[in-house]
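Residue strings, one per chain:
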Amino acid sequence: MNAKLIVFSGFVTAFVGAGIGFITANLLPCPYTSQMYKGLEQKYTIVGAVAGLLIGSSQEMIRELKQERDAEEELLRDLNKAIHSSTDQKKL
């Protein structure tokens, strides 16, 4: 697996998630004034960034694993064809 590509994908989607969290916090103002609701922009931004990091990294890992599996299946298909063609020639 390409670790650099997985990390890059995670950071890009973390950045996008942070932006979405920041925009969401600004578009949906909280009507409450309690201390617990102060700093929601930061909290939404952090949650969006973490979610983006997890989603982006996971998606890239799945894509990388699928490529490896497809390459292994192709190799097995080629090997199977070679074995069958070898046994077919011996029968002649």
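For the structure, check the block above.
Before going into details, it helps to say that this report is about the structure given with it. In this text the structure is predicted, and so the values were computed from the model without any measurement.

## What about the pattern of salt bridges?
One pass over the structure, following the stated rule, counts 5 salt bridges. The shortest N-O distance in the salt bridge between glutamate 60 and arginine 63 comes to 2.8 Å. With glutamate 60 and arginine 63 both in helix 2 (residues 40-91) and 3 residues apart, this pair spans about one turn of that helix. The exposure class of glutamate 60 is buried, given its relative accessible area of 9%. The partly exposed category is assigned to arginine 63, whose relative accessible area is 36%. With a shortest N-O distance of 3.9 Å, glutamate 73 and arginine 69 are connected by a salt bridge. You can see glutamate 73 and its partner arginine 69 sitting in helix 2, 4 residues apart, about one turn around the helix. A residue is classified by how much of its surface remains accessible, and glutamate 73, at 37% relative accessible area, is partly exposed.

## So, the environment of methionine 61
When you line up the elements, methionine 61 lands in helix 2. For the pair methionine 61 and serine 9, spaced 52 residues apart in sequence, the C-alpha separation works out to 9.6 Å. Not counting chain neighbours up to four residues away, the residues in contact with methionine 61 comprise Met1 and Ile6.

## Things to note about helix 1 (residues 3-27)
Owing to its 3.6 residues per turn, the α-helix brings residues three or four apart onto one side. Over its 25 residues, helix 1 extends 36 Å from the first C-alpha to the last, a length consistent with the 36 Å expected when each residue adds 1.5 Å. Listed as buried for helix 1 are Ile6, Ser9, Gly10, Ala14, Gly17, Ala18, Gly21 and Ala25.

## Describing the environment of glutamate 64
In this fold, glutamate 64 is placed in helix 2. Given a relative accessible area of 8%, glutamate 64 falls into the buried group. For the pair formed by glutamate 64 and leucine 5, sequence separation is 59 residues and the distance between their alpha carbons is 9.3 Å. The residues touching glutamate 64, leaving out its near neighbours within four places in the chain, are Met1, Asn2, Leu5 and Ile6.

Rules behind the numbers
Residues numbered from 1 in each chain as written. Predicted model: local features only at pLDDT ≥ 70, side-chain atom pairs only at ≥ 80, totals over all residues. Heavy atoms only, no water. Salt bridge = Lys/Arg side-chain N within 4 Å of Asp/Glu carboxyl O. Helix = DSSP H or I, 4+ residues; strand = E, 2+ residues; numbered from the N terminus. Buried < 20%, exposed > 50% of the residue type's maximum accessible area, 1.4 Å probe, protein only. Contact = heavy atoms within 4.5 Å. Expected span 1.5 Å × (residues − 1).

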